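Tertiary structure, described
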2 protein chains.
Amino acid sequence: MADLIPDFYAVIPAGGIGSRLWPLSRADAPKFLHDLTGSGHSLLRDTWDRLEPLAGADRIAVVTGRAHRAAVEAQLPGIDDLNVFLESEPRDSSAAIGLAAAVLVRREPDVIIGSFAADHVIRVPHLFEWAVRQAVATARAGYICTLGIQPSEPSVGFGYIRKGTELVVDGAPEAALVERFVEKPDLETAKAYFADRSYLWNAGMFISRADVLLAELAANEPELHAGLLELAEAWDDRDRRGPAVDRLWPGLKKIAIDYAVAEPAAEKGRLAVVPGHFDWDDVGDFASLAKLNSHGRKNDLAILGPNATILADASSGIVVSQTRRVISLIGVKDIVVVDTDDALLVTTSEHAQRVKGVVDALKIGGHGDVL
Amino acid sequence: MADLIPDFYAVIPAGGIGSRLWPLSRADAPKFLHDLTGSGHSLLRDTWDRLEPLAGADRIAVVTGRAHRAAVEAQLPGIDDLNVFLESEPRDSSAAIGLAAAVLVRREPDVIIGSFAADHVIRVPHLFEWAVRQAVATARAGYICTLGIQPSEPSVGFGYIRKGTELVVDGAPEAALVERFVEKPDLETAKAYFADRSYLWNAGMFISRADVLLAELAANEPELHAGLLELAEAWDDRDRRGPAVDRLWPGLKKIAIDYAVAEPAAEKGRLAVVPGHFDWDDVGDFASLAKLNSHGRKNDLAILGPNATILADASSGIVVSQTRRVISLIGVKDIVVVDTDDALLVTTSEHAQRVKGVVDALKIGGHGDVL
């Protein structure tokens, strides 16, 4: 299991701010740069560390905004300059992953790329490795392959993948076709999915031959595909790369890879899934951050922040402390308190999804300085 | 109504920190120095402004800690240096008011003193004045007189005074004897009191000839009385005053004036009460501060702090902002958020009384710097 996969290249799109984790996550300190698990490392670094035993340090690319270049390189001192793909602005996942595919396939025609979000939490690395190795084997057989997480509870917070016909692929005993994608269900449906076990969480991880992925993109989004090829052609010439991004990137269609690649491929029977048995969370909001850090114990108060001084009396939920202030909580249940130098958020787990609305309101209200 | 009362001297004990309003109130910024009503003035200043039309600026004394001298004088630029009584440490209300009585009676044997807490909120000043004028008339007739607030609701948060036999005192048509004091009642009892209307809130305001008050103190607490006389004898000699405080003050018995004077006087039929029809609140905790500042409207969010930037979505309660941070609240009901530079409190109205416990815990925990 310890061997690198020779034809594998890992791609980490590190783009989203994570607005639902404001004021912790914000434009100049996006979610992927935070340590959200108390591991001592940022989520980006944890992602890198998970992929290094599979791809090797010189075969991990990061696609990120120009503004985050320094922070990303500080987190990943081992990264090759050639593997930092800088966006002039966010253009969603098809452009980000498609660019990496288009550039890498020129360097290495048979390359298999796997894209893994920079801001997810994954535990039990050997189970992650096992799933990726199966997915690479499935990709080698010509499929676009996604990892579907075997649910650990009937969650209503994630979309689902319905597993279909099992595939016979050497090295991938668990691979199956994707029958269909399902939107976030209600609780009753989620319970049925959980019992069924052929429904997996859609974690947005894709592993594919770069040329296969590009062909699918060409079929569904020809203009986007053409733009990416033009970019890739200029990419490995340092003098042409920046101007090409300036010229082409802002015109690329913003579309999630789920719609531009995965769903059309599923309809054609070209999308496979390998179930992942590892712990996974996309840490979508403070409710999930609270759960993640209270280790599933009810009535616990999760505390994030190396300098946190918390005095809690009959309180539960989560406190994120980025200041040195003393924080006292009395009798507040399922509370979310996020204390930063210029902004304070107080809400509850129940309303954690609505944080994005506050961010929008702050934008409109002229408080962009705290976003 | 506009005339000063010539034999009247107002005394303002400005001692308590107001621990239940931590972290707003604290050792170096006690409750009476805060603007808790949005009036633009501190509670101390509001108290002074209420008393000035009755006593005159040169006949209002403040009893406060040495540490607060500068702050008190800054709030009350009109105060005579002779009228600032400095305690070396807090010794409760009998010592504070008794000292003022002992000093003032030497200056003016027939003086009537009235003591009014520095940190209460009173609205409708002409009704306050009318009650004080009646109380002074009652005091002139030899009674120790308290103001009892006519309840505006069946409160369980205050002690009560049962009004007894009506008195016939010129200039005090509402004066009556105090039949007895009652501790904070349960809700059912409070409702009965409210319907009865002979039960008044005990607001701790006492008006009395200084010599009558001292005689009562001498009868009940002879040692305390003797210490106060010794202090008073040295008081008006600036060179002797400070050393006398250092020597005598720390040895004085700590006892509330309710126990050392009011209750014994009531038993002897010497305590009178005049009902006050003004709005009154002792702002005992954040729940009452919230109520005070939401003007009785349910589901309101009261906001205190001149620089507050609050974004509230489906939230009620109170936010006290002493910083320039953006504060966002989402879906938190009856919340109490107090945001200061070095400490943050999050609780609910229901648990507001427990703030004092946090202060005690911080003391024990070595966080005295934020108290």
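None of the values given here were measured: they were computed from a predicted structure. (Residues numbered from 1 in each chain as written. Chains lettered and ligands numbered in written order. Predicted model: local features only at pLDDT ≥ 70, side-chain atom pairs only at ≥ 80, totals over all residues.)

Here we come to the sheet that holds strand β12 (residues 301-304) of chain A. Sheets are built from strands paired through backbone hydrogen bonds, the pairs being either parallel or antiparallel. Strand order in the open sheet made by the six strands is β12(A)-β14(A)-β16(A)-β17(A)-β15(B)-β13(B), with mixed pairing throughout. Of all strands in the sheet, those with a lone pairing partner are β12 of chain A together with β13 (309-313) of chain B, marking the two edges. Going across the sheet, the axis of each strand differs from the next one's by a mean of 10°, ignoring polarity. The sheet contact formed by strand β16 (residues 335-339) of chain A and strand β17 (residues 343-348) of chain A spans five bridges and is antiparallel. Residue pairing in the sheet places I335 of chain A in a bridge with T348 of chain A of β17 of chain A. (Pairing = 2+ DSSP bridges. Helix = DSSP H or I, 4+ residues; strand = E, 2+ residues; numbered from the N terminus. Axes fitted to C-alpha atoms, helices over the stretch in contact; angles between N-to-C directions.)

The next thing to look at is the relation of the copies chain B and chain A. Two copies of a chain can be linked by a rotation about an axis combined with a shift along that same axis. When chain B is fitted to chain A, the best match, at an RMSD of 0.1 Å, comes from turning it 180° and sliding it 0.1 Å along the axis. Taken together, the rotation angle and the small translation identify this as a two-fold axis. Taking the C-alpha atom as reference, chain B places V346 of chain B closest to the rotation axis, 4.2 Å from it. Of the interface residues in chain B, 100% have counterparts in chain A that sit at the interface too, so the contact is made through matching surfaces. (Least-squares fit on C-alpha atoms with pLDDT ≥ 70 in both. Contact = placed C-beta atoms within 7 Å.)

Once that is clear, we can look at the interface of chain B and chain A. Chain B puts 30 residues into the contact, and the matching count from chain A is 30 residues. At the level of elements, β13, β15 (326-330), β16 (335-339), β17 (343-348) and α11 (355-364) of chain B are the ones that each hand at least two residues to the side of chain B that touches chain A. It is β17 of chain B that contributes the most residues to the side of chain B that touches chain A, six residues altogether. When grouped by side-chain class, the residues that make up the side of chain B that touches chain A number 17 nonpolar, seven polar and six charged. For β17 of chain A and β15 of chain B, the ladder comprises four bridges, and the chain directions are parallel. Across the sheet, the residue bridging to A343 of chain A is V326 of chain B, located in β15 of chain B. (Nonpolar A, V, L, I, M, F, W, Y, C, P; charged D, E, K, R; others polar.)

This brings us to helix α6 (residues 210-220) of chain A. Of all the positions in α6 of chain A, only A210, V212, L213, L214, E216 and L217 of chain A are classed as buried. On its buried side, α6 of chain A packs onto α3 (92-107), β4 (112-115), β6 (144-149), β9 (199-209), α7 (222-235) and α9 (257-267) of chain A. (Buried ≥ 20, exposed ≤ 12 C-beta atoms within 10 Å, placed from the backbone.)

Right, let's talk about the domain arrangement of chain A for a bit. Residue and element names in this part refer to chain A. In terms of domains, chain A is made up of domain 1 (8-281) and domain 2 (286-370). Each of domain 1 and domain 2 has a C-alpha centre, and these two points are 29 Å apart. The class makeup of the residues in the side of domain 1 that touches domain 2 is six nonpolar, four polar and two charged. (Domains from an automatic or database assignment.)

Both strand β7 (residues 160-166) of chain A and strand β8 (residues 176-182) of chain A contribute to a ladder of five bridges, which runs antiparallel. Among the inter-strand pairings, E166 of chain A is bridged to a residue of β8 of chain A, identified as A176 of chain A.

When the pLDDT values of chain A are averaged, the result is 94; 98% of them are 70 or greater. Listed scores for the predicted complex are pTM 0.89 and ipTM 0.87. (pLDDT = per-residue confidence, 0-100.)

Trans is the common state for peptide bonds, and a negative phi is the common state for residues other than glycine. W22 of chain A connects to P23 of chain A through a cis peptide bond whose omega is 5°. As for its position among the elements, P23 of chain A is in the loop between β1 (8-14) and α1 (43-55). At R197 of chain A, a residue that is not glycine, the phi angle is positive and equals roughly 75°. On the basis of neighbour counts, which here come to 11 C-beta atoms within 10 Å, the residue R197 of chain A falls in the exposed class. Unusually for a residue other than glycine, V283 of chain B sits at a positive phi of about 45°. Structurally, the position occupied by V283 of chain B is in the loop between β11 (279-281) and α10 (286-293). The exposure class of V283 of chain B is buried, given the 23 C-beta atoms found within 10 Å.

The sheet built from six strands is open, its strands ordered β13(A)-β15(A)-β17(B)-β16(B)-β14(B)-β12(B) with mixed pairing. Among the strands making up the open sheet, the edge pair consists of β13 (309-313) of chain A together with β12 (301-304) of chain B. Pairwise comparison of adjacent strand axes, ignoring direction, gives a mean angle of 10° for this sheet. Note: β12 of chain B against strand β14 (residues 317-321) of chain B, four bridges, orientation parallel.

Right, let's get into the environment of A314 of chain A. Residue and element names in this part refer to chain A. One can find A314 in the loop between β13 and β14 (317-321). Among the residues examined, A314 registers 14 C-beta atoms within 10 Å and is labelled partly exposed. Spatially, the C-alpha atom of A314 lies 38 Å from that of H126, the residues being 188 residues apart in sequence. Those residues within four positions of A314 in sequence are excluded, and the remaining contacts are I330 and G331.

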